[in-house]
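# Chains, contacts and geometry: an overview
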Amino acid sequence: MSAMDAAADEPVAAATRRTRAPATAYISWIALAMMTTSSVASLRAAPTMAVYGLACVFLYIVPAIVFLIPTSLVSAELASGWDGGVYNWVARGISKPMGFLAVWCQFAMTIFYYPSLLGFVASTLAYVINPALASNGVWTALVIVVVYWSAVWVSSRGTKGVSGLASAGLIIGTLIPGVVLVTLGAVFLGQGNPSAAPMTADNLLPVWAGLSSLVLIVNNFLSYSGMEMNAVHVGSLKNPAKEFPKSMFLAMGLVLTIFILPALAISWIVPAEELSLTAGVMQAFDAVFANFGAQWLTPIVGVMLVTASLGGMLTWLAGPSKGLLLISRQEGYLPPVLQKLNKNGVQQNILVAQGIITTIIGLGYALIPNVSSAYWIFSVITTQVYLIMYLLMFVAAVRLRRNDPDHARGYRAPMLGALCGIGFAASLAALLIGFVPPSQFGSGSPATYLVIVAAGALGLGLLVPFLFYRLRKPSWKQPETSEVAAS
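The model shown is predicted, which means the values in this text are computed figures rather than measured ones.

This part takes up the pattern of salt bridges. This structure, assessed with the given rule, holds three salt bridges. Of the charged contacts, one joins Glu77 and Arg401 as a salt bridge, the two residues approaching to 2.6 Å between their closest N and O atoms. With Glu77 in helix H4 (residues 56–81) and Arg401 in helix H18 (residues 371–403), this residue pair connects regions lying 324 residues apart in the sequence. Here Glu77 falls in the buried class, since its relative accessible area comes to 3%. Note that Glu331 is salt-bridged to Lys96, the shortest N-O span being 3.3 Å. Residue Glu331 is located in helix H14 (residues 319–331), and its partner Lys96 is located in helix H6 (residues 96–129); the two are separated by 235 residues in the primary sequence.

Counting residues in each nonpolar core, the largest one holds 137 residues, and the members touching the most others are Tyr60, Val74, Tyr224 and Phe244. In terms of residue count, the dominant contributor to this core is H18 (20 residues).

We now examine unusual backbone geometry. One non-glycine residue, Met415, lies in the positive phi region at around 50°. You can see Met415 is positioned in the loop between H18 and helix H19 (416–433).

With that out of the way, let us pick up a nonpolar patch on the surface. On the surface, Ile171, Ile172, Leu175 and Ile176 cluster together into a nonpolar patch covering about 310 Å² of accessible area. Inspection of the secondary structure assignment puts Leu175 in helix H8 (residues 164–190). A relative accessible area of 34% places Leu175 in the partly exposed class.

Conventions we followed
- Residues numbered from 1 in each chain as written.
- Predicted model: local features only at pLDDT ≥ 70, side-chain atom pairs only at ≥ 80, totals over all residues.
- Heavy atoms only, no water.
- Salt bridge = Lys/Arg side-chain N within 4 Å of Asp/Glu carboxyl O.
- Helix = DSSP H or I, 4+ residues; strand = E, 2+ residues; numbered from the N terminus.
- Buried < 20%, exposed > 50% of the residue type's maximum accessible area, 1.4 Å probe, protein only.
- Core = buried A, V, L, I, M, F, W, Y, C linked by side-chain atoms within 4.5 Å.
- Patch = residues over 30% accessible without salt bridge, like charges linked within 9 Å, V, L, I, M, F, W, Y side chains within 5 Å.
- Areas by Shrake-Rupley, 256 points an atom, 1.4 Å probe, with all protein chains shown as cover.

Structure representation (structure tokens):
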């Protein structure tokens, strides 16, 4: 077609575009289930629950019922009725200050999440270089600092296409290693080797030793978190009312399978008293490969796990901070220095400020003698900060249903009040239990544990956003630039 022909056809094409309704890009409920599974499932939490042996099945299913299901269905209703994510939901349902607190907690949890994630990366990478480094706090701290700042440098350059690493990570760093671990673990038992953890009906429930025996279940709430982000896709289903619940239950089945079977496989191979919460996955691979005379595969699996973890980190690094930036520019919640963008349109100053705190936290691995204890403490703080956001979300959902029942929603959660009540109670219980030192770390000082967790969860989750809100100024509001709007 010549340029003249194209120019002549432009008015016709424009008129056609004005009269033709835009096509809706639907996705299947199975595709949504796979997307949800890829964003939630991971092998990183397996060693934490392998400590409980067969009881890990119970400890995974309970939070799935009382937290995963309410979170999925409630966030689906909110996402199908109101754009803008958790800030808009809470701001409309409760108030703008509470909306800021919610989006702040969604961002702040990553400050503790990255040290715990990179602690896992450091221990896994140690098996590629020297397994003795897995319990070395200085090595762990060094990896956290170097890898985090490298990721900030990559993100600040506005690199595109990184998100594809997360999808590939589900296959490379989760499904393939998980299938290999479970298969070889089953063969290990089939050869007549005894299981390191008893697999009898008497071990289906965890041994009760007071509140401290329940603390490790808190980590499972973090394992299931993030469902409110997947809920934004509910509008892409042809029949959300029927298809979304099916999608979520399929995803829950897949996630439970990925969580439970590798945890069981680890408990078959590695005794609980020898299990490292950061290096437990690699301990299991190393032991089972040694049984088959194939320890040369251990470093290869380590590289696969590290690659998947780093890909996931890069895709998440700028996401929560971008949401915080957009709200802060509109409402003036953060000082201008934290709202500045670099030449690539990336909120580099927020990432740098986050990195300074992450570096200080990462040094905790060098200062706390037991690497597993440091990993657990940071995981608990991450969970508690995130749970504050969920508490606000459940309250906002109830208030929006009561105060604005006729607002158009693409999906209405059944028994919303009961779902929110169960989710709120479970989240609050998990938050409070997180202040109790777990029974596995009884040798440490309970007072020190309480101070560290309280300072991290309450200080960063409540005090810091309160100070930002009280000190805000009208001049902190910034016009929305085209770079911010585009991103």
